[in-house]
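Per-entry structural report
Next come the chains, spelled out residue by residue.
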Amino acid sequence: SKHAIEAYSDTLRMEMEQFGVRVSIIEPGPIKTEIWDKAKESLIKNFKDAPRERTEDFGEEWFLKNSEENSKDVDRIVAPPEFVAECVVHALASVYPQARYKTDLLARCFYYPVSFFPEFIRDRMLYSS
C-alpha cells in the first residue's frame, strides 16, 4: 500500500542518515496526462450507450454540461508532468533535498496545511457532508 511504502521510506531515511545518504519521497498526485481525456471520452461513451431508462432522469444536456464542469475541475488541480520531473531532479541534485515532495496543488494548498490542525477539526473538515 501507499502508506506502507511511505513508512518504509521514512524508516529508510532515518536509518541511512548516519551514512550521509538522503532519502526523499516523491508524492505525485493527479498528473496532467492523456488518462483524463480518455476517462472523459469513456464516460461520455458509457452514458450514450446506457439504456434510456438509466439516462432519461438526467438527460444528455445535463450530463454533457456536468462532464465539462468536472473536466475544468480536474484541469485546476492536476500538475504538469514537468513539475514531477523538477521535484525528482531537485531530490537528486540538491545538497539538502526535502524529505517529501508533494507534487499536486490539492496536497500542497489544502491537505498539507490541514495536517497541522487538531484531529477533531480535520475530521470535521474532511468528512462532513
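Look above for the structure.
Residues numbered from 1 in each chain as written. Predicted model: local features only at pLDDT ≥ 70, side-chain atom pairs only at ≥ 80, totals over all residues. Heavy atoms only, no water.

1. Overview of the pattern of salt bridges
If you walk through the whole model with that rule in mind, you get twelve salt bridges. Between E34 and K38 there is a salt bridge, and its shortest N-O distance comes to 3.8 Å. Within this pair, E34 and its partner K38 are both found in helix α2 (residues 34-49), separated by four residues, close to a single helical turn. K38 gets classed as exposed once you look at its relative accessible area, which sits at 51%. Linking E69 and K65 is a salt bridge whose minimum nitrogen-to-oxygen distance equals 3.3 Å. Taken as a pair, E69 and K65 lie in helix α4 (residues 60-77) at a separation of four residues, close to a single helical turn. Assessed through its relative accessible area of 38%, E69 is described here as partly exposed. One network of salt bridges, with partners in common, ties together E6, D10, R13, E27, R100 and K102. (Salt bridge = Lys/Arg side-chain N within 4 Å of Asp/Glu carboxyl O. Helix = DSSP H or I, 4+ residues; strand = E, 2+ residues; numbered from the N terminus. Buried < 20%, exposed > 50% of the residue type's maximum accessible area, 1.4 Å probe, protein only.)

2. Details of α4
With 18 residues, α4 should reach 26 Å at 1.5 Å per residue; the first-to-last C-alpha distance of 26 Å fits that figure. Within α4 the residues assigned to the buried category are F63, S67 and S71. Projection of α4 onto a plane perpendicular to its axis shows the buried side chains occupying an angular sector of 75 degrees, all on one side. Residues of α4 that are exposed and point over 90 degrees away from its buried face: E61, K65 and R76. Buried residues belonging to α4 abut α2. (Expected span 1.5 Å × (residues − 1). Arc of directions from axis to C-beta. Contact = heavy atoms within 4.5 Å.)

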